[in-house]
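Read off the chains here:
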Amino acid sequence: FTIINASYVATAVNANQYPAGELAEIAFIGRSNVGKSSLINSLCRRNGLARTSGTPGKTQTINYFRLAGKLADDSRLEFMLVDLPGYGYAKRAQTARSTWSKFIEEYWLKSSRLKLVCQLIDLRHPPMESDMNVYRWLIEHGLEVQVVATKADKISKSRIRQHIQVIYKDIDMSNLNPAGSILAYSAVSGLGRDELLDVIRNILLK
Ligand code: GDP
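Here the residue index of a chain counts from 1 through its sequence in written order. Residues qualify for local features only when their pLDDT is at least 70, as the model is predicted, and side-chain atom pairs are given and counted only at 80 or more; totals for whole chains, interfaces and linings, by contrast, use all residues. Remark: hydrogens and water are excluded; side-chain values derive from all non-hydrogen atoms of the structure.

Considerations on the side chain of N63
- Here N63 lies in strand β3 (residues 62-70).
- The definition of a polar contact used here is a pair of N or O atoms within 3.5 Å, where within protein one atom must be able to donate a hydrogen and the other to accept one, and adjacent residues in sequence count solely through side-chain atom pairs. Engagement of the side chain of N63 in a polar contact is seen with the side chain of T11, the distance being 2.7 Å.
- Engagement of the side chain of N63 in a polar contact is seen with the side chain of T61, the distance being 3.5 Å.
- Two residues form a contact once any of their heavy atoms are found within 4.5 Å. In this structure, N63 is in contact with Y8, A10, T11, L81, V82 and D83, ignoring residues within four places of it in sequence. Numbering of helices and strands runs from the N terminus; a helix is a DSSP stretch of H or I covering at least four residues, while a strand is a stretch of E covering at least two.

Here it is in structure tokens:
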């Protein structure tokens, strides 16, 4: 599955502004600075498509990008990539509820075309309280979640598995989502890119 086209569609701050259409949605979420913009740009192979926030906490918008991919048999598969604002600016531990504003919660609850949430967690460190709360909230609300561990090039290959295990244990994946898995990703080396595109393709074709 290869991406052949990616373009910006719309920005929304409430449900009235969600773009019309029938395209399935794949959403991306993570703490500010986790590498979300870099991952989206590397996935689309277009630098500058998703902009780095620069001033954390300022860009509280939902951004929609239309992506077209090509399958092995040359047929096209289109979907909407949805870039949600980063969470976890506050230093103190938060509940998922207080982690994001009303309109983000509105998106989770009202977006009928949402097929998968890719939750990004920094592979270098154990997950933060906010990461764990967000993961639990998404699973408990019946959403399909793929955890993506970012910046994998920053630790040695031999330690990737070990760091994945820490995330797996801390977010309580064995209890909350036994069928789940964690994908290591690097926007720099491209590690995990093909695997993530396969996950997205499989969800879209399901
Ligand atoms: P966002 O706030 O989640 O959108 O994060 P950005 O994509 O802006 O990335 C935050 C910082 O991490 C930037 O300095 C990026 O260059 C860096 N970064 C993001 N992804 C990677 C990665 O895969 N590898 C490395 N080495 N650095 C990364």
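From this point, the discussion proceeds with the structure in view.
Focus: the environment of K70
- Position of K70 among the secondary structure elements: in strand β3.
- Relative accessibility decides the category of a residue: with a 1.4 Å probe and only protein chains considered, values under 20% of the type maximum give buried, values over 50% give exposed, and everything between is partly exposed. Judged by relative accessible area, K70 falls into the partly exposed class, the value being 33%.
- With 85 residues separating them along the chain, K70 and I155 place their C-alpha atoms 32 Å apart.
- Not counting the four nearest positions on each side in its chain, K70 is found in contact with F1, T2, I4 and S75.

A short note on the pairing of strand β4 (residues 76-83)
- Summarising burial for β4: 6 of the 8 residues are buried, a large majority.
- Pairing between two strands requires that DSSP report at least two bridges joining them. Where strand β2 (residues 25-30) lies against β4, 4 bridges are found, and the strand directions are parallel. By the bridge assignment for β4, F28 is matched with D83.
- Note that β3 and β4 share 8 bridges and pair antiparallel. By the bridge assignment, L67 is partnered in β4 with F79.
- In this antiparallel pair of consecutive strands, β3 and β4, the connection spans 5 residues, and D74 shows a positive phi of 80°.

Some details on unusual backbone geometry
- In this model, N33 sits at a positive phi of 80°, which is unusual for a non-glycine residue.
- On the secondary structure map, N33 appears in the loop between β2 and α1 (36-44).
- Judged by its relative accessible area of 65%, N33 is exposed.
- Backbone geometry places D172, a non-glycine residue, at a positive phi of 65°.
- Looking at the element boundaries, D172 is found in the loop between α5 (157-170) and α6 (173-176).

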